[in-house]
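Examination of the molecular architecture
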Amino acid sequence: MTPQASLPRIGQDAATLPSVDGALFRTLMGSLMSGVSILTTARADNTPMGMTCSAVCSVSQEPPLLLACVQTPSSTLDAITDRGSFAVNFLDAESNGISDLFASRVPDKFAQVEWCLSELTGTPLLGSSVAHAECAVHGLVEAGDHIVVLGRIVAGEARPDRFPLGYWRGCYTRTLRIPRRGGKRR
């Protein structure tokens with residue numbers, strides 16, 4: 001039996017419900033603060049590739065999976081699928097300029113940032129991150145005008161002394177820690 005065979009069936013009535021328009025969709029989804037990441041990989045000739053991505057989240061601990069949603073067409077997505085590996089660089093709070101750079105069509109983005117090449121996956125790792133996750137492509141799922149890239153995390157590093165960059169309602173945000181009530185921080 002395939003994994004999908006055990007999933008519940010979606011009611012037929014759901015398929016007939018109308019969709020919201022693009023403006024309401026952007027307003028609703030902009031109301032959810034997201035982290036800001038740069039997906040990086042390299043072409044077959046080792047040219048580094050990268051793009052800004054705010055649609056990243058954890059999927060599973062066993063196996064360790066995350067997902068990133070990439071709008072098509074995308075030359076970075078093409079390089080990810082060709083190479084079979086990529087990194088997710090979770091940007092730090094001082095990196096909104098790097099986010100803007102990687103969201104642009106500037107030809108050599110990597111000439112303007114600090115980075116190194118991973119020895120394990122051969123993917124570029126950015127210096128301005130709170131963490132990075134190196135991934136092997138686990139699967140690709142078509143979803144509207146995007147491809148959901150599932151990555152199995154094979155390596156990573158976190159920098160606990162840094163704070164993340166956020167994005168909310170069309171603007172960059174910074175986060176701060178709120179102490180837990182009635183107990184020690186974990």
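Everything that follows concerns the structure shown earlier in this document.
As the structure is a computational prediction, the values presented were derived from the model and not from experiment.

**Describing the pattern of salt bridges**
Applying the stated criterion to the full structure yields 2 salt bridges. Arg-162 is the salt-bridge partner of Asp-92, the closest N and O atoms lying 3.6 Å from each other. Of the two residues, Asp-92 is situated in the loop between β6 (85-91) and α4 (96-103) and Arg-162 in the loop between β10 (146-158) and β11 (165-168); the sequence distance between them amounts to 70 residues. Owing to a relative accessible area of 10%, Asp-92 belongs among the buried residues under this scheme.

**Brief notes about the layout of surface pockets**
The volume enclosed by the largest pocket comes to roughly 1,600 Å³. Lining the largest pocket are 44 residues, with Met-51, Thr-52, Cys-53, Ser-54 and Gln-71 sitting closest to its centre. For the lining of the largest pocket, the secondary-structure elements that each account for two or more residues are α2 (22-30), β3 (48-53), β5 (65-71), α3 (75-83), α4 and β11. Ranked by residues supplied to the lining of the largest pocket, first place goes to β3 with 6 residues. Among the residues forming the lining of the largest pocket, the class breakdown is 22 nonpolar, 14 polar and 8 charged. By volume, the second largest pocket amounts to about 150 Å³. If you list the elements that add at least two residues to the lining of the second largest pocket, you get β1 (34-35), β6 and β11.

**A few points about the state of the cysteines**
Applying the stated criterion across every chain yields a total of 0 disulfides. Looking at the unpaired Cys-53, the closest cysteine sulfur is the one in Cys-69, lying at 6.6 Å. The exposure class assigned to Cys-53 is buried, which follows from its relative accessible area of 3%. Using a relative accessible area of 22% as the deciding quantity, one classes Cys-69 as partly exposed.

**Regarding the sheet that holds strand β2 (residues 37-42)**
The strands making up a sheet associate through hydrogen bonds between their backbones, and the pairing can be parallel or antiparallel. An order of β3-β2-β6-β9-β10-β5-β4 is seen for the 7 strands of this open sheet, with the pairing classed as antiparallel. This sheet does not close on itself; its edge strands, each paired only once, are β3 and β4 (56-60). Each strand axis lies, on average, 35° off the axis of its neighbour in the sheet, ignoring direction. Direction of pairing for β2 relative to β3: antiparallel, over a ladder of 6 bridges. Bridged to Thr-41 within β3 is Met-49.

**Considerations on the sheet that holds β1**
A sheet is described by the order of its strands in space; here 3 strands give the open sequence β1-β11-β12, paired in antiparallel fashion. Each end of this open sheet is capped by a strand with a single partner; those strands are β1 and β12 (171-174). Sheet topology places β1 next to β11; 2 bridges connect them, and they run antiparallel. Across the sheet, residue Gly-35 finds its bridge partner in β11, namely Gly-166.

Cut-offs used in this document
- All chains use their own residue numbering, which begins from 1 and follows the written sequence.
- Given that the model is predicted, a residue must reach a pLDDT of at least 70 before its local features are reported, and side-chain atom pairs must reach 80 or more before they are shown or counted; all residues, however, enter totals for whole chains, interfaces and linings.
- Each side-chain value is worked out from all heavy atoms of the structure, with water and hydrogens disregarded.
- The rule for a salt bridge is simple: a side-chain nitrogen of Lys or Arg has to be within 4 Å of a carboxyl oxygen of Asp or Glu.
- Helix and strand definitions follow DSSP, with helices as H or I runs of at least four residues and strands as E runs of at least two, each counted in order from the N terminus.
- Three labels apply to residues, based on accessible area from a 1.4 Å probe with only protein chains included: buried if under 20% of the type maximum, exposed if over 50%, partly exposed otherwise in between.
- A cavity here means a set of 1 Å grid points, computed over protein atoms only, where a 1.4 Å probe fits but cannot escape. A pocket is an open set with protein on both sides within 12 Å along at least 5 of 7 lines, and lining residues have an atom within 4 Å of a point.
- Grid points are joined across faces, edges and corners, and a volume is the space filled by probe spheres set on the points.
- Each residue is assigned to one class: nonpolar for Ala, Val, Leu, Ile, Met, Phe, Trp, Tyr, Cys and Pro, charged for Asp, Glu, Lys and Arg, and polar for all the others, Gly among them.
- To count as a disulfide, a pair of cysteine sulfur atoms needs to be within 2.5 Å.
- Here, any two strands with at least 2 DSSP bridges between them count as paired.
- Inter-axis angles, ranging from 0 to 180 degrees, are taken between N-to-C directions of lines fitted to C-alpha atoms, where helices are fitted over the stretch in contact.

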